[in-house]
Amino acid sequence: MEYLCSRAIGRLWKNKKIYAILLAELTAGLVIIACQLNVAFAVRQRLREYQEQFSEAGITINAYANRMTGIEDMEMPVEAQDFDYISSKYESSVRVSYVSYGAVYVGIKRIPILGMSETAMETLMGTEGTENGDVFIGEDARALLGSGKIEAGDGDVVISAEELRLKDSAYPFRTLRTKQDKIISFVASAGGDLKIAECIVVPVSLQKPLEEKGIFYNASLELIPLEGTDEAELSSAVNETVVYLDGWHEDFSYEAADRIAEYQKNSRDLSSTMNLLSWVAEVSILLIAVGIIGILLIFLDKREEDIQISVWVGAVQWKLYVELFLEVLSLCLLAGGISMLLAYFMADGLSTSQYSVRMSPWAAGVIAAVCLVIAWVTCTVVWVCAKAEKKLGKL
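Position numbers for residues count from 1 along each chain, tracking the sequence in the order it is written. Given that this is a predicted model, residues contribute local features only at a pLDDT of at least 70 and side-chain atom pairs are listed and counted only at 80 or more, while totals for whole chains, interfaces and linings are drawn from all residues. The side-chain quantities take in all heavy atoms of the structure and omit both hydrogens and water.

A.B. asks: Talk me through a nonpolar patch on the surface; I want residue IDs and the actual numbers.
C.D. replies: Taken together, the side chains of Leu-334, Ile-338, Leu-342 and Met-346 define a hydrophobic patch exposed on the protein surface, amounting to about 320 Å² of accessible area. Among the secondary structure elements, Leu-334 is positioned in helix H9 (residues 317-350). Two distance rules govern patches: like charges are joined within 9 Å, and nonpolar side chains (Val, Leu, Ile, Met, Phe, Trp, Tyr) within 5 Å, applied only to residues with over 30% relative accessible area and no salt bridge. Residue exposure ignores everything except the shown protein chains as possible cover, and the areas themselves are Shrake-Rupley values with a 1.4 Å probe. A carboxyl oxygen of Asp or Glu within 4 Å of a side-chain nitrogen of Lys or Arg is what we treat as a salt bridge. Only DSSP runs of H or I reaching four residues or more are called helices, and only runs of E reaching two or more are called strands; each is numbered from the N terminus.

Structure follows, in structure tokens:
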């Protein structure tokens, strides 16, 4: 086998000028397919994260600022007292998933602080205990705090790696049991993603004093129907909630949205170009495969004497086929390797506000399989054509 491999590599090098053109064409087609697969994987991953965070039956209340101003000058779009009012008023028909967002800083590095209702905690992380006033910290946030501490809100809020202190009350941190690499999608864009390991999570019961100190400045609200709640009841609760919030918060306008359906639509729109490029790439690879077959048939004409010599010294049919297969496979794998390297560096450039693209193992596996299939089909077609034309003499 080592001898066959060396002969295959030797033939590639001997015909390097022609093979270089095929290599460039094949690489171009494969890199487009790899990029499209990476985008598709990113879209599906993002949607999966959304489906974990938002109920398919739930309706999200989106808030939009009515004026341009700094974060420090703007009120919370949904405050803890709003959550208390809405959850108590509609407790017989809906569950309210409430997530508020704020941050503290260690130097220039940010530690996000999330306030969560019990429903949000269970939905996002499967962790209970918020009714007892438990607070949680992620591994990265704890490491960033180290042995130091943060003081905020005129010294009334003190955060260390071990506890959150509000005035004279201390709340020891519990380590989050959920996967530390889990992503929380605070808004419908990759820029709004938070890794749970970076965060501190507090129950809504502790949010008000943090609100008063200006630590929280954003929030999301989702109404999830209870079993037995019909569409009319849910619609009524949503509409009344929007009216209530509009009446209390002049800085914002509110509207109801199906966050998952909204994301699916945006993802389809944003990935349409890559789908077109994928179709072009597939056609290109088909044409390139035909080109490789044609060139190899020409090479067979030039190799006839060499093949006859190989037969004369005792070469058998399967070895000659394997040699040809290894020659084409080497070309395809080289093109596949270059295409995956290019796709890796292009991934960031393909990211959008909806999803973050990375080189996925799934794309790498598909490209490797495509290379193998191209090599096998090409060699088989060439071999059959050569046999039909009796190019191999007595073989």
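A.B. asks: Summarise the sheet that holds strand E2 (residues 94-106); cite the residues concerned and give the values.
C.D. replies: When DSSP finds two or more bridges between two strands, those strands count as paired. Taking strand neighbours across the sheet as the criterion, the 11 strands line up as E5-E6-E7-E8-E4-E11-E3-E2-E12-E1-E13 in an open arrangement whose pairing is mixed. Each edge of the open sheet carries a strand with a single partner, namely strand E5 (149-152) and strand E13 (252-257). Strand-to-strand twist across the sheet, computed as the mean angle between neighbouring axes with direction ignored, equals 20°. Direction of pairing for strand E6 (residues 157-160) relative to strand E7 (residues 163-166): antiparallel, over a ladder of 3 bridges. Looking at the pairing, Ile-159 lines up with Leu-164 of E7. Contact criterion: two residues are considered in contact whenever any of their non-hydrogen atoms come within 4.5 Å of each other. For every element, the axis is a line fit to its C-alpha atoms; helices are fit only across the contacting stretch, and the angle between N-to-C directions ranges from 0 to 180 degrees. Along the sheet, helix H3 (residues 80-89) makes contact with E2 and strand E12 (216-225), crossing E2 at roughly 170°.

A.B. asks: Quick one: what's the story with the side chain of Ser-117, residue by residue and with numbers?
C.D. replies: When you line up the elements, Ser-117 lands in the loop between strand E3 (109-116) and helix H4 (118-125). Judged by its relative accessible area of 2%, Ser-117 falls in the buried class. With sequence-adjacent residues up to four places away left out, Ser-117 is seen in contact with Phe-83, Val-96, Ser-97, Tyr-98 and Val-204. When a residue's accessible area, from a 1.4 Å probe over protein chains only, is under 20% of the maximum for its type it is buried; when over 50% it is exposed; and in between it is partly exposed.

A.B. asks: So what about the side chain of Thr-229? Which residues, and what values?
C.D. replies: Within the secondary structure, Thr-229 sits in the loop between E12 and helix H7 (231-248). Assessed through its relative accessible area of 17%, Thr-229 is described here as buried. Here a polar contact means two N or O atoms within 3.5 Å. Within protein one must be a hydrogen donor candidate and the other an acceptor candidate, and residues neighboring in sequence count only if both atoms are side-chain atoms. A distance of 2.6 Å separates the side chain of Thr-229 from the backbone oxygen of Ser-93, its partner in a polar contact.

A.B. asks: Tell me about the packing of H3 against H7, and please be specific about residues and values.
C.D. replies: Axis separation between H3 and H7 bottoms out at 12 Å; the angle between their running directions is 155°. Here H7 runs roughly antiparallel to H3, going by the angle between their axes. Viewed along their axes, H3 and H7 form a crossing whose handedness is right-handed. Mapping the contact onto sequence places Asp-82, Tyr-85, Ile-86 and Lys-89 in H3 and Glu-240, Thr-241, Tyr-244 and Leu-245 in H7. An angle below 35 degrees is treated as roughly parallel, one above 145 as roughly antiparallel, one from 65 to 115 as roughly perpendicular, and anything else as oblique. Put simply, a crossing is left-handed when the front helix is turned counterclockwise from the back one by less than a right angle, and right-handed when it is turned clockwise.

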